Amino acid sequence: MNGRHRERHRERQCERISDQGEGERDRQSAEQGEEAGPEGRAGGRDQQGFLAAVHRLAWADTGELRCEVTGHPDGHVCLALPAEGVSLAAVREALSGRYGHPRNLAMDGYADPTLTRRTGLPLLTPFGERLVEMRAWTHAGRWIGCGTLRSDDGIRPVVLVAEGQEPTVDVPEGSSWVDGVVAVTGQGVSGMRSIDWAETETRLGTALPSDYKQLVELFGHGAFDEYLELHVPGAGFRSSDLVRNAEWLREWAAGSRSGLWDPYELYPAPGGLLQWGSTEQADQFFWLTEGSDPDRWPVLVTEDVPDSWVRFDGTTAEFIYRMLTDRRHPFSTARYFDRHWFASYEREE
């Protein structure tokens, strides 16, 4: 695939991501909502209209966020649930279906004291000690929150959208590429995942790149800019599970003569391809397992067309960082988004 066609291919994918938030906006008149007095803006008369308002505000290009609730600072907008027919549980489920696994910022009146602007604090600031619980999603540099507050009338629901951290594109001197990915996406580092890497590497029959393992422990299963899905050990679906997918591809290739990966072979062939990522547009991201040091494996990417291989001589984390920040990167999302995020696909415990 030549550069011009590759560019259009990426553009269509990023337009799809953006349209998921803006398509409803064009069809609904509820993006600004109706007046709801001290409760903030109403999001429409039903759940569809309410969610359309949330989706619209989640995009940074919709302008500054100014809340209409008396005493609330700028930098967020509170939305009132429609009076009838929409429950907080239904809204939370819909938001999880759209934006991935939420973060738990507060529960039973106790807020995480380590929260910062990067990890969700703007969602808590307007409410102080009245806050009971808050779940949070990050999207394109903004926060979406869904929770409950204490009021004179008892416990009431609240949904809001708040500004996140300003975009960061420069890695501080001495930082790693993983640090850069964390900084660009605003990902908090408090929820490190425990992965049995010894078992994983034993099943695969090879050690894995150290920065990939750091990314999995920090981010888990999900997608950068809702585009590049990170395959991880133990993912819910076989196609997203690093180990099960490698085993399945190997078995499938053994009984097929499709030539999908020509001129390369799949791992465990010497120097074979081992997949670590994918997109909905059928892009596939591999390591070329040449040499004994996984930290020196190059990245190879192929699109859903013959002979479309692109080689990147760098680590996994550097590839992702440059994809998010470098407009010249062949798989860049920086040409379409000024702010970047990670959508978690992990299920809430």
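Here, the structure is the one placed above.
Here's a quick rundown of the structure. Just so we're clear, the structure is a prediction, and the values are computed from it rather than from any experiment.

Overview of the packing of aromatic side chains
Scanning all chains against the criterion turns up 21 aromatic pairs. Pairing Trp248 with Trp252 gives two aromatic rings, centres 6.4 Å apart and planes at 20°, and the pair type is stacked. Within this pair, Trp248 and its partner Trp252 are both found in helix α7 (residues 242-254), separated by 4 residues, close to a single helical turn. Taking 5.2 Å as the distance between ring centres and 65° as the angle between the ring planes, the aromatic pair formed by Phe337 and Trp341 counts as edge-to-face. As far as the burial class goes, Phe337 and Trp341 line up, both buried. Taken together through their ring pairs, the aromatic side chains of Trp197, Tyr212, Trp276, Phe285, Trp287, Trp297, Phe312, Phe319 and Phe331 make up a single cluster. When the ring centre of Trp248 is taken as reference, the NZ or CZ atom of Arg238 above it lies at 4.0 Å.

Overview of the packing of helix α6 (residues 210-219) against helix α8 (residues 316-325)
At a minimum axis distance of 7 Å, the contact between α6 and α8 shows a crossing angle of 60°. As judged from the angle between their axes, α6 and α8 are oblique. Across the interface between the two elements, Asp211, Tyr212 and Leu215 from α6 touch Thr316, Ala317, Glu318 and Ile320 from α8. Across the contact of α6 with α8, the residue classes break down as 4 nonpolar, 1 polar and 2 charged.

Focus on unusual backbone geometry
Glycine aside, residues mostly have negative phi, and peptide bonds are mostly found in the trans state. Going from Asp262 to Pro263, the amide bond is cis rather than trans, its omega being 10°. Considering the arrangement of structural elements, one finds Pro263 in the loop between α7 and β11 (273-278). Omega for the bond connecting Tyr267 with Pro268 falls within 30 degrees of zero, at 20°, which places this linkage in the cis form. Relative to the assigned elements, Pro268 resides in the loop between α7 and β11.

What to know about the sheet that holds strand β14 (residues 310-312)
Spatial ordering of the open sheet is given by β14-β13-β12-β11-β10-β9-β15, a layout of 7 strands whose pairing is antiparallel. Each of the sheet's edge strands pairs with one partner strand only, and the pair in question is β14 and β15 (342-344). Across the sheet, the axes of successive neighbouring strands diverge by a mean angle of 35°, strand direction being ignored. Summarising the sheet, strand β9 (residues 222-224) and strand β10 (residues 228-230) pair through 3 bridges and their orientation is antiparallel. Of the residues in β10, the one forming a bridge with Phe224 is Leu228. Against the sheet, α6 touches β9, β10, β11, β12 (284-288) and β15, its axis set at about 90° to β10.

Topic: a nonpolar patch on the surface
Where nonpolar side chains cluster on the molecular surface, the patch consists of Trp248, Trp252 and Leu260 and spans about 300 Å² of accessible area. Tracing the chain through its elements places Leu260 in the loop between α7 and β11. Judged by relative accessible area, which is 51%, Leu260 ranks as exposed.

A look at the pattern of salt bridges
Within the structure shown, the criterion is met by 13 salt bridges. In this structure, Glu201 engages Lys213 in a salt bridge whose closest nitrogen and oxygen atoms are separated by 3.0 Å. Remark: Lys213 occurs in helix α6 and Glu201 occurs in helix α5 (residues 197-204); sequence separation between them is 12 residues. Each member of the pair, Glu201 as well as Lys213, is classed as buried. Among the salt bridges present, the one from Glu290 reaches Arg311, with a minimum N-O distance of 3.0 Å. Here the residue Glu290 occupies a position in the loop between β12 and β13 (299-302), and Arg311 occupies one in strand β14, the gap between them amounting to 21 residues. Its relative accessible area of 34% is what places Glu290 among the partly exposed residues. Assessed through its relative accessible area of 43%, Arg311 is described here as partly exposed.

Observations regarding helix α3 (residues 88-99)
Given a rise of 1.5 Å per residue, 12 residues ought to cover 16 Å, and the 16 Å separating the end C-alpha atoms of α3 matches this to within 8%. At the exit of α3 stands Gly100, carrying a positive phi of roughly 95°.

Conventions we followed
- Residues numbered from 1 in each chain as written.
- Predicted model: local features only at pLDDT ≥ 70, side-chain atom pairs only at ≥ 80, totals over all residues.
- Heavy atoms only, no water.
- Phe/Tyr/Trp six-rings, centres within 6.5 Å; stacked < 30°, edge-to-face > 60°.
- Helix = DSSP H or I, 4+ residues; strand = E, 2+ residues; numbered from the N terminus.
- Buried < 20%, exposed > 50% of the residue type's maximum accessible area, 1.4 Å probe, protein only.
- Lys NZ or Arg CZ within 6 Å of the ring centre and 35° of its normal.
- Axes fitted to C-alpha atoms, helices over the stretch in contact; angles between N-to-C directions.
- Parallel < 35°, antiparallel > 145°, perpendicular 65-115°, else oblique.
- Contact = heavy atoms within 4.5 Å.
- Nonpolar A, V, L, I, M, F, W, Y, C, P; charged D, E, K, R; others polar.
- Pairing = 2+ DSSP bridges.
- Patch = residues over 30% accessible without salt bridge, like charges linked within 9 Å, V, L, I, M, F, W, Y side chains within 5 Å.
- Areas by Shrake-Rupley, 256 points an atom, 1.4 Å probe, with all protein chains shown as cover.
- Salt bridge = Lys/Arg side-chain N within 4 Å of Asp/Glu carboxyl O.
- Expected span 1.5 Å × (residues − 1).

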